[in-house]
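These are the residues of each chain, in order.
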Amino acid sequence: MAIGWKGVFPAVTTQLREDLSIDLADTQRVVDDLIRDGVTGVIALGTVGENNSLEYEEKVQVLSAIVEVVDGRVPVITGCSEYDTRRAVRYAQAAERAGADGLMLLPPMVYVTKPHELVAHFKGVAEQVGLPIMLYNNPPAYRTVIDKGVLSALVDVPNIVAVKESAPDTRRFTDFRNEFGERYVLFAGLDDVALEGLYLGAQGWVSGLTNAFPKESVELVAAFERGDHAKALEIYRWFMPLLHLDAEHDLVQSIKLAEEIMGRGSERVLPPRYVLEGERRAEVIAMVEKAAATRPDLTPTR
């Protein structure tokens, strides 16, 4: 289906059984619940979906199960996060065959590419598929930067259409709009600068904490879009302690724990990750329980 490239796209979780095998049926249930709660699209196999902890065959199975349950109701974009261009092309082509509507393409993992190598990687994948592509910029996590020079070298690649901006420096939204106009659709990709991103030109939000609080996430963006800035700020300020979790190294464990507390999924994660313990676990539980007890009124103020 065509991607509207706006709204709330949660990076959905991959659900696991007690033996840590993939639970495709429960993954489908989690995704179906999110769609019923109003999300605009889903990101399958992003960081929160534990992409790099899965084998190639498992990734295709998870994506296929998500495409099946979504059944065309919203767009399905899949993370493409591989060590090299050959592997990325292989998965991207499999994703296209499985029915994904788009790719969220990451820089190569482990090796820190030079700018010309990064451009070649993105072009190398884009030229081998017909899917629209969102590039994923996250310098703190991946040690590479998709800067204006990289985007300038990609302007003639027709299926590279969007950028998920997860750098904490919100000035980049304005710089990209000033440099490229509307050539690239911008998405906020870091939860705790999401509203700032929307004000500065992002058309949508790829979110982690939406997995635990989808209705509030959807209303936050909806309030902004209709100009109800008081409601958007009210929700954002309530949400902020949890949104900060998205910027931490244990974001996957924290988000899946929040998801479990809210009765939406399991906190189980794949090694090398392990569920939170001790003070950190108690801290996250307290934050989620406080948020649940103080949920904002979602009635529009205008």
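Bear in mind the structure is a predicted one, so any value in this text is a computation, not a measurement.

Trainee: Quick one: what's the story with the environment of alanine 230, residue by residue and with numbers?
Mentor: Note on placement: alanine 230 falls in helix H10 (residues 229-243). Look at alanine 230 and you get exposed, because its relative accessible area is 51%. Each C-alpha atom, one on alanine 230 and one on threonine 301, is 7.4 Å from the other, the two residues being 71 residues apart in sequence.

Trainee: Hey, could you go over the side chain of arginine 264 for me, with residue numbers and the actual values?
Mentor: Within the secondary structure layout, arginine 264 lies in the loop between helix H11 (251-261) and helix H12 (278-293). In this structure the side chain of arginine 264 is engaged in a polar contact, spanning 2.7 Å, whose partner is the side chain of aspartate 37. If near-sequence neighbours (up to four positions away) are discounted, arginine 264 is found in contact with Arg29, Val30, Asp33, Leu34, Asp37, Asn211, Ala212, Pro214 and Glu259.

Trainee: Any chance you could break down the pattern of salt bridges for me, citing the residues and the numbers?
Mentor: On inspection of all chains with the given rule, the structure shows 17 salt bridges. Among the ionic pairs, glutamate 216 bridges to arginine 295, the shortest N-O distance being 2.8 Å. Taken together, the residues span a long stretch of sequence, with glutamate 216 in helix H9 (residues 214-225) and arginine 295 in the segment after H12 at a distance of 79 residues. Judged by its relative accessible area of 3%, glutamate 216 falls in the buried class. Taking the relative accessible area as the measure of exposure, arginine 295 reaches 38% and is therefore partly exposed. The partner of arginine 280 in a salt bridge is glutamate 283, with the nearest N and O atoms 2.9 Å apart. With arginine 280 and glutamate 283 both in helix H12, this residue pair falls three residues apart, about one helical turn. Assessed through its relative accessible area of 22%, arginine 280 is described here as partly exposed. Residue classification places glutamate 283 among the partly exposed positions, given a relative accessible area of 40%. It is possible to trace a salt-bridge network through shared partners that takes in Asp26, Arg29 and Asp33.

Trainee: How would you summarise H11 if you had to cite specific residues and measurements?
Mentor: Think of an α-helix as 3.6 residues a turn; residues three or four steps apart then line up on the same face. Across the eleven residues of H11, nine count as buried, placing the element largely inside the fold. Along H11, the residues that are buried comprise Leu251, Val252, Gln253, Ser254, Ile255, Lys256, Leu257, Ala258 and Glu259. Against helix H1 (24-36) and H12 lie the buried residues of H11. At the exit of H11 stands glycine 263, carrying a positive phi of roughly 75°.

Trainee: Explain unusual backbone geometry to me, using residue names and the numbers behind them.
Mentor: The peptide bond linking proline 271 to proline 272 adopts the cis configuration, its omega dihedral lying at 15°. By secondary structure assignment, the location of proline 272 is in the loop between H11 and H12. With phi around 60°, glutamate 50 is a residue other than glycine that occupies positive phi space.

Trainee: Tell me what's going on with the layout of surface pockets, and back it up with residues and numbers.
Mentor: Space inside the largest pocket adds up to approximately 800 Å³. When contributions to the lining of the largest pocket are tallied by element, the ones reaching two or more residues are helix H5 (139-142) and strand S8 (204-207). In terms of residue count, H5 provides more of the lining of the largest pocket than any other element does, three residues in total. Among the residues making up the lining of the largest pocket, the classes are represented as 21 nonpolar, twelve polar and seven charged. Space inside the second largest pocket adds up to approximately 200 Å³.

Trainee: Help me get a handle on the sheet that holds strand S1 (residues 7-10), residues and values and all.
Mentor: Ordered by their spatial adjacency, eight strands build an open sheet running S1-S8-S7-S6-S5-S4-S3-S2, and the pairing between neighbours is parallel. The sheet terminates laterally at S1 and strand S2 (42-44), the two strands that pair on one side only. Within the sheet, the average angular offset between the axes of one strand and its neighbour, ignoring direction, is 30°. Sheet strands touched by helix H3 (residues 85-98): strand S3 (76-80) and strand S4 (102-105). Its angle to S3, the strand with the most contacts, is close to 165°. Seen against the sheet, helix H7 (residues 171-180) touches strand S5 (133-137), strand S6 (160-165) and strand S7 (185-188) and runs at an angle of roughly 175° to S7.

Trainee: Any chance you could break down H10 for me, citing the residues and the numbers?
Mentor: For H10, the principal kink sits at arginine 237 and spans about 35°; a proline, proline 241, occurs within the next four residues. Listing the buried residues of H10 in full gives Lys231, Ala232, Ile235, Tyr236, Trp238, Phe239, Met240, Leu242 and Leu243. Structurally, H10 contributes buried residues whose contacts are with helix H8 (194-199), S8, H9 and H12.

What counts and what doesn't
- Residues numbered from 1 in each chain as written.
- Predicted model: local features only at pLDDT ≥ 70, side-chain atom pairs only at ≥ 80, totals over all residues.
- Heavy atoms only, no water.
- Helix = DSSP H or I, 4+ residues; strand = E, 2+ residues; numbered from the N terminus.
- Buried < 20%, exposed > 50% of the residue type's maximum accessible area, 1.4 Å probe, protein only.
- Polar contact = N/O pair within 3.5 Å; in protein donor to acceptor, adjacent residues only side chain to side chain.
- Contact = heavy atoms within 4.5 Å.
- Salt bridge = Lys/Arg side-chain N within 4 Å of Asp/Glu carboxyl O.
- 1 Å grid on protein atoms, 1.4 Å probe; cavity = no way out; pocket = protein on both sides within 12 Å on 5 of 7 lines; lining within 4 Å.
- Points joined across faces, edges and corners; volume = space filled by probe spheres on them.
- Nonpolar A, V, L, I, M, F, W, Y, C, P; charged D, E, K, R; others polar.
- Pairing = 2+ DSSP bridges.
- Axes fitted to C-alpha atoms, helices over the stretch in contact; angles between N-to-C directions.
- Bend = angle between axes of the 7 residues up to and from the residue.

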